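Listed below, chain by chain, are the residues.
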Amino acid sequence: MRLHKRNNSFYMITLPAVVNHSNATQVREDGLKALRGHTTAEEIIIDASNLKEFDSSIFALLVAWKRVTSNLVVKAAPEKVKVLSRVYGVMDLFKFRDA
């Protein structure tokens with residue numbers, strides 16, 4: 001996983017198609033590694049447009065990333081991610097943006 005610089009003010013991490021209990025730890029660690037040194041960017045955008053299959057562990061990795069940067073924006077998240085974030089009470093932790 002890499003942090004792609006999109007312009008001078010933001011960086012983007014693209015989530016894989018599947019994030020579940022079997023790979024969430026690796027995805028979380030890869031994201032934390034990518035975030036090192038870039039946590040003060042104006043925005044860190046998490047591109048969730050590829051995300052097709054996930055479980056609640058998606059929130060564990062997003063919370064871990066949020067702990068290292070307050071500028072986290074989740075872009076193009078599946079509607080189910082937004083609904084579950086409300087159910088789990090973490091909706092206010094994240095900024096969701098449509099494509």
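Residues numbered from 1 in each chain as written. Predicted model: local features only at pLDDT ≥ 70, side-chain atom pairs only at ≥ 80, totals over all residues. Heavy atoms only, no water.

**A short note on the pairing of strand 4 (residues 43–47)**
Side-chain positions along a regular strand alternate between the two faces of the sheet. What counts is decided by this rule: Only protein chains enter the accessibility calculation, which uses a 1.4 Å probe; a residue whose area is less than 20% of its type maximum is buried, one above 50% is exposed, and one in between is partly exposed. To qualify as a helix, a DSSP run of H or I must reach at least 4 residues; to qualify as a strand, a run of E must reach at least 2; elements of each kind are numbered from the N terminus. By this definition, two strands are paired if DSSP reports at least two bridges between them.
Most of strand 4 sits out of view: five of its five residues are buried. Here strand 4 shows a buried face lined by Glu43, Ile45 and Asp47 and a second buried face lined by Ile44 and Ile46. Relative to strand 4, strand 2 (residues 10–14) runs parallel, the two sharing five bridges. Considered in strand 4, the bridge of Ile13 is made with Ile46.

**Structural notes on the pattern of salt bridges**
The condition is simple: Note on definitions: salt bridges are taken to be side-chain nitrogens of Lys or Arg within 4 Å of carboxyl oxygens of Asp or Glu.
Taken as a whole and assessed by the stated rule, the structure comprises three salt bridges. Where Arg97 meets Glu43, a salt bridge forms, and the shortest distance between an N and an O atom there is 2.7 Å. Here Glu43 lies in strand 4 and Arg97 lies in strand 7 (residues 95–97), a separation of 54 residues in the sequence. With its nearest N and O atoms 2.8 Å apart, the salt bridge here joins Asp98 to Lys82. Residue Asp98 is located in the segment after strand 7, and its partner Lys82 is located in helix 3 (residues 79–87); the two are separated by 16 residues in the primary sequence. Its relative accessible area of 10% is what places Lys82 among the buried residues.

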